[in-house]
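# Topology and contacts: notes
Given next are the chains, with one letter for each unit.
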Amino acid sequence: MRVAQRIRDKLTAALQPLRLDIRDESHRHAGHAGARPEGESHFHVEIVAAAFAGESRIARQRRIYALLAEELAGPVHALGLTTLTPEEDSRN
Amino acid sequence: MSTTTNPTVIDRIKQDIADNPVVLFMKGTPVFPQCGFSAAVVQILTHLGVKFKGIDVLADPEIRQGIKEFSSWPTIPQLYVKGEFVGGCDIVREMFEAGELGEVFKGKGVEIRG
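The sections below set out a description of the structure shown in this document.

The rules behind these values
Residues numbered from 1 in each chain as written. Chains lettered and ligands numbered in written order. Predicted model: local features only at pLDDT ≥ 70, side-chain atom pairs only at ≥ 80, totals over all residues. Heavy atoms only, no water. Pairing = 2+ DSSP bridges. Helix = DSSP H or I, 4+ residues; strand = E, 2+ residues; numbered from the N terminus. Axes fitted to C-alpha atoms, helices over the stretch in contact; angles between N-to-C directions. Contact = heavy atoms within 4.5 Å. Parallel < 35°, antiparallel > 145°, perpendicular 65-115°, else oblique. Left-handed = near helix turned anticlockwise from the far one by under 90°. Nonpolar A, V, L, I, M, F, W, Y, C, P; charged D, E, K, R; others polar.

Here we take up the sheet that holds strand E4 (residues 84-87) of chain B. Residue and element names in this part refer to chain B. Taken in spatial order, the four strands make up an open sheet running E2-E1-E3-E4, and their pairing is mixed. Of all strands in the sheet, those bounded by a partner on one side alone are strand E2 (53-56) and E4. Pairs of neighbouring strands in the sheet enclose a mean axial angle of 25 degrees, with direction left out of account. In terms of strand pairing, strand E1 (residues 22-26) meets E2 through four bridges, oriented parallel. For valine 23, the partnering residue across the bridge sits in E2 and is lysine 53. On top of the sheet, helix H3 (residues 61-71) reaches E1, E2, strand E3 (78-81) and E4; it is set at about 65 degrees to E3, its chief contact.

Right under this line is the structure:
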């Protein structure tokens, strides 16, 4: 299965996000350390989930990192994160 | 991936964050960052006029692995202020944009510009 789809499946199952945007930014890092010829090495994930309410930014990101530990130890070289509650998202 | 970091590496990390009010574990140096995420944090700290010590994890694979375990945080860069982990690139950027980062420095008695 492709990496982006695995990320989507894992985050969806664990966090039931209201919104989940996964951007593959690998093309911006072509030739750079950690870039793979097949792409899918650099991602930015923007996720809106009620589960983040009351959690610090660090706690939210740690949660994502734990869910995606396998991907981070493997093909994913960089993972940018925007983690929002539905309330924070509606303010933007 | 091995998780048995040499204890002296952890001691060195502890010493660095104890000896320096603001420490950035990064790829490359503040003058020549080797990664866009590290460069972004350097730019923010420079913009705020914060003095910091940059530690190049690319120069030391043991520190590179050790800091990830020490912070329970799998990515670089990592910012420490007065011994406390503040976050990585996304968090530093979000806090800066929300006007919170300057307050963190002021609250911890770290001098910033203006």
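Back to the write-up after that little detour.
In this section: the packing of helix H1 (residues 3-15) of chain A against helix H2 (residues 57-67) of chain A. Residues and elements named next belong to chain A. Remark: H1 packs on H2, axes separated minimally by 10 Å, with the N-to-C direction vectors making an angle of 125 degrees. On the basis of their axis angle, the class for H1 and H2 is oblique. Read as a crossing pair, H1 and H2 show a hand that is right-handed. Listed contacts from H2 to Lys10, Leu11, Ala14 and Leu15 of H1 are Arg63, Ile64 and Leu67. Of the residues in the contact of H1 with H2, the class split is five nonpolar, no polar and two charged.

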